[in-house]
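So you can see what is in the structure, the chains are spelled out below.
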Amino acid sequence: MARVSRQAGSPSLKQAYTDEARRLASRSMTGLAQTRLTPTALTVSGLALCIVGSVVVHFQYRNELLYFWLGAAIFLVGSILDILDGALARAGGKATPFGAFIDSTTDRIGEAFMLGSIGLVFARDGNEVALAFAFAAVAGSFLVSYTRARAEALGLKGDVGIGSRAERVITVGLAIAPWGGLQWAIYLLAATTWVTVIQRIWSVRSQLRARG
């Protein structure tokens, strides 16, 4: 019985955290909601910064501490803008289906650029194992999004799983990269994304069986 209670409580805790984060973000967007700034403009700006961050990381061989940290900072700002675009859309009543589509699509693009850049760093260092995991992380990141979209298209719950937003793991990995921590962050990201994919496939199977 205790195990069931813990399993039931975990999604509630995660949902409570998500709801609170969205509430705070929406409150911070109240002023901007009255301006002509659009959520899509924030989305595009966030994507541009993520791409710039990935380019900066590519040049880490010139100065690891500077370029890894600068790339991480730029990528983090871009990721925050990507979070705030949804808050702006809700606060200003500017939410549209196309905006939501663009938002979810650019999420994957920004992650792919950064993971691709990280993969080039591993290739330059001759770390083929880490490079393979970087590829696995890219594929897993896309599949996490795809499985959710397909589940919701079937009218099912698709946001289950242990995986969190990939940019958090990537940013931490870049921050500790000068001391050899980047590869371990990518190992963790690849593992959590693929576990999440499996969890979502299993969840869809269970929900379809429950439908009869």
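Residues numbered from 1 in each chain as written. Predicted model: local features only at pLDDT ≥ 70, side-chain atom pairs only at ≥ 80, totals over all residues. Heavy atoms only, no water.

Novice: Hey, could you run me through the overall build of the chain in this one?
Specialist: When you go through the chain residue by residue, the secondary structure sums to seven helices and zero strands. The linear arrangement of helices and strands in the chain, starting from the amino end, is α-α-α-α-α-α-α. Across the chain, contacts joining residues at least 24 apart in sequence account for 81% of those joining residues at least 6 apart. Entry remark: accessible area of the chain is about 12100 Å², with carbon and sulfur atoms responsible for 68%. (Helix = DSSP H or I, 4+ residues; strand = E, 2+ residues; numbered from the N terminus. Contact = heavy atoms within 4.5 Å. Areas by Shrake-Rupley, 256 points an atom, 1.4 Å probe, with all protein chains shown as cover.)

Novice: Help me understand the packing of aromatic side chains in this model?
Specialist: Aromatic ring pairs are described here by two measures, namely the spacing of the ring centres and the angle between the planes. What the rule picks out here adds up to four aromatic pairs. A centroid spacing of 6.3 Å and a plane angle of 45° characterise the contact between Phe-59 and Tyr-61, whose relative ring orientation is tilted. We classify Phe-59 as partly exposed; its relative accessible area is 27%. Among the aromatic residues, those joined into a ring-pair cluster are Phe-133, Trp-184 and Tyr-187. One Lys or Arg, Arg-205, reaches over the ring of Trp-202 and ends 5.0 Å from the middle of that ring. (Phe/Tyr/Trp six-rings, centres within 6.5 Å; stacked < 30°, edge-to-face > 60°. Buried < 20%, exposed > 50% of the residue type's maximum accessible area, 1.4 Å probe, protein only. Lys NZ or Arg CZ within 6 Å of the ring centre and 35° of its normal.)

Novice: Sorry, what's going on with helix α2 (residues 39-58) here?
Specialist: The α-helix advances 3.6 residues per turn, and as a result positions three or four apart in sequence lie on the same side. In a regular helix each residue adds 1.5 Å, so 20 residues correspond to 28 Å; α2 covers 29 Å between its end C-alpha atoms and thus fits that length. Those residues of α2 that fall on the buried side of the exposure criterion are Pro-39, Leu-42, Thr-43, Gly-46, Leu-47, Cys-50, Gly-53, Ser-54, Val-56 and Val-57. (Expected span 1.5 Å × (residues − 1).)

Novice: Could you clarify how one ought to interpret the pattern of salt bridges in this entry?
Specialist: Charged atoms that come close allow side chains of opposite charge to pair. Using the criterion set out here, one finds three salt bridges in the structure. A salt bridge links Glu-152 to Arg-148; its shortest N-O distance comes to 2.9 Å. With Glu-152 and Arg-148 both in helix α5 (residues 128-153) and four residues apart, the pair spans about one turn of that helix. A residue is classified by how much of its surface remains accessible, and Glu-152, at 42% relative accessible area, is partly exposed. Its relative accessible area of 36% is what places Arg-148 among the partly exposed residues. (Salt bridge = Lys/Arg side-chain N within 4 Å of Asp/Glu carboxyl O.)

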